[in-house]
Amino acid sequence: MDSSTVGFDRRHFVRVCAGLGLAGGAVELLWAAAGEGSINRETLAAAETLAGIELSDAERDLALAGLEELRRDYLTLRAVALDNSVAPALRFDPEVPGALTRLPAPVRRLSADHETALPDDEEAIAFLPAVELGRHLRDRRISSRELTALYLERLKRYDPLLHCVITLTEERALEAAARADAEIERGFSRGPLHGVPWGAKDLLAVRGYPTTWGAGPYRDQVIDEDAAVVRRLDEAGAVLVAKLTLGELAWGDVWFGGMTRNPWKLDQGSSGSSAGPAATTAAGLVGFAIGSETWGSIVSPSTRCGVTGLRPTFGRVSRHGAMALSWSMDKLGPIGRSVEDCALVFEAIHGADGLDPTAVDRAFAWDAELDFRQLRVGSLRTLFEREPEPEEDEDPARLREAHALDLAALDALRSLGIEPVPVELPALPVGSLSFILSAEAAAAFSELTLGNRDDELVRQVDQAWPNVLRQARTIPAVEYLQANRVRTLLMHEMARAFAEVDVVVAPSFTGDTLLLTNLTGHPAVVVPDGFTADGTPTSITFLGRLYGEAETLAVARAYQEATGFHLRHPVLGAGG
């Protein structure tokens, strides 16, 4: 046999993999290029180009001895069935040694309960914050059955405009509402969300209903259990009325039924991937919703739709029963019409459940009377001072307006007695770490690529899952691990950045802050900070220490109450 072409031989396998860094994607390219034939010097040279290394002919000949066996091992492992719920035997922990998080003992205090009358018209009721809906339900000014019927009717009326609903859970909702009313009638309270209707991003499993992940290949999928978050909200007495749209496989606002619309501007998408949760909350179709974020999927649609979103610390909320996209980055969190709504929902869903191994128990209670003036607040001054640079499809004028609103948000904080101190984020190549997400997503949806079912997804462009999942199969395992080592440095640098502050205020999209904080697992609260000339909302983001949701929510709420942008809501047509 010619030394430049080798068949199956495992003798040099371990030495080849350890010494050359050709595991993972580089070898994928080799056997993809070679097909069923043997791997030779030419296909190995192509893989070297991808891996960024260069071998001599002698080194290639030595490497070839083990590469066919590596291909066979891959094919053998592909025969093992791996459900999306099976996580890798690696576990991400956002907390670094030597930077133990300070956790003050939580004190639970809700905002003052003002004796306010229930509005006369249903439109006004529909837009009330969840915390107020809960009070009206508790005081029996409205029943959960009446409120549930109101929201179901609005979901049916406005879905043709917004394309925001995948499945109504009407039968389940009416049963839950009747149960809530009976409990409230006899004086039994499950808490501030008791009887409040809500919507779930359709990556959360709900027994008896499809869980489509927004993607055509899964549109008939039924998972025979309730996700942990769904169970906890059931226990809190909340009423699930609908499973809401998400961009297919949690990217964007396009799903197999079309594009979810922005209630403020119906010719515009609602952004994603928590497209339906943000749109329905903004349009007064649910009391609140649950979304998810891996890289901006709560922050971005909350911004576009003018609602409030909480991305909790990684591990704060169990993801059991939720679609996995990136095991080291996925987070579930609430979207509401106020900061307090998000706080109360988070209070109901946080904590370990023994099923998601990354979920932790850290004390949290919503304290509406927490003195935000006693907190240490920083700002990313460099990003606030940076002139906005529009991307190819962005309107420069609108970008300048949004930048001016961000600066005005700083002024509003100063008027509250908060003088943010400058904070600098780590000077590491954050953008170059994004392929961590791509690699994990490619593993989570390997069967789509290998079975050519990625062709069934709607979006078939450069920046969409079919192409990205295929590209990600060429990421070498060595480079994925090296990127995570840089991520460790990033986590240590972030621990130092938060050593002297509790909360950091930041522009929502300037720089790499969004990717950075999703990689490090830090919490964020995004709230509206104004409207541009086209009538659409913008946002400001408050970043917290790990497990520092209480303090972050307190500062965000102070800003929100002082500015009132969250009280505005879109006016929709008749629908239908």
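Everything numeric here is computed off the predicted structure, so don't read it as measured data.

Undergrad: I keep staring at the pattern of salt bridges and nothing clicks. Help me out?
TA: Here the structure, examined in full by the defined rule, presents 39 salt bridges. Close ionic contact of Arg109 with Glu369 constitutes a salt bridge, the shortest N to O distance being 3.7 Å. With Arg109 in the loop between helix H4 (57-78) and helix H5 (122-126) and Glu369 in the loop between helix H12 (339-349) and strand S13 (377-379), the pair connects residues that are 260 residues apart, well separated along the chain. Asp139 is paired through a salt bridge with Arg141; the nearest N and O atoms lie 3.3 Å apart. Classification of Arg141 by relative accessible area gives partly exposed; the value is 28%. Each of Asp113, Arg135, Arg138, Asp139 and Arg141 takes part in a single network of salt bridges with overlapping partners.

Undergrad: I keep staring at the sheet that holds S13 and nothing clicks. Help me out?
TA: Backbone hydrogen bonds hold the strands of a sheet together, and the pairing may be parallel or antiparallel. Taken in spatial order, the eleven strands make up an open sheet running S3-S5-S4-S10-S12-S11-S16-S17-S15-S13-S14, and their pairing is mixed. This sheet does not close on itself; its edge strands, each paired only once, are strand S3 (165-168) and strand S14 (421-422). Where strand S11 (residues 308-311) lies against strand S16 (residues 524-531), three bridges are found, and the strand directions are antiparallel. For Gly309, the partnering residue across the bridge sits in S16 and is Val526. Packing of helix H19 (residues 513-520) onto the sheet brings it into contact with strand S10 (288-293), S11, strand S12 (331-336) and strand S17 (537-544), and relative to S11 it is tilted by some 40°.

Undergrad: What exactly am I supposed to notice about the packing of aromatic side chains here?
TA: In this structure the tally under the stated criterion is ten aromatic pairs. Aromatic side chains Trp198 and Phe288 sit 5.9 Å apart centroid to centroid with 5° between the ring planes, which places their arrangement in the stacked category. With Trp198 in strand S4 (residues 197-201) and Phe288 in strand S10, this pair connects stretches of sequence that are 90 residues apart. Between Trp213 and Phe445, the ring centres sit 5.9 Å apart and the planes meet at 80°, which makes this aromatic pair edge-to-face. With Trp213 in the loop between S4 and helix H9 (228-235) and Phe445 in the loop between helix H15 (435-444) and helix H16 (446-450), this pair connects stretches of sequence that are 232 residues apart. Owing to a relative accessible area of 1%, Phe445 belongs among the buried residues under this scheme. Site record: aromatic cluster; members linked through ring pairs are Trp213, Tyr218 and Phe445. Stacked on the ring of Phe92, the Lys or Arg Arg487 has its end atom at 4.0 Å from the ring centre. Note that Arg568 overlies the ring of Phe531, its terminal NZ or CZ placed 3.8 Å from the centroid.

Criteria and cut-off values
Residues numbered from 1 in each chain as written. Predicted model: local features only at pLDDT ≥ 70, side-chain atom pairs only at ≥ 80, totals over all residues. Heavy atoms only, no water. Salt bridge = Lys/Arg side-chain N within 4 Å of Asp/Glu carboxyl O. Helix = DSSP H or I, 4+ residues; strand = E, 2+ residues; numbered from the N terminus. Buried < 20%, exposed > 50% of the residue type's maximum accessible area, 1.4 Å probe, protein only. Pairing = 2+ DSSP bridges. Contact = heavy atoms within 4.5 Å. Axes fitted to C-alpha atoms, helices over the stretch in contact; angles between N-to-C directions. Phe/Tyr/Trp six-rings, centres within 6.5 Å; stacked < 30°, edge-to-face > 60°. Lys NZ or Arg CZ within 6 Å of the ring centre and 35° of its normal.

Read these as spatial facts, not as claims about activity.
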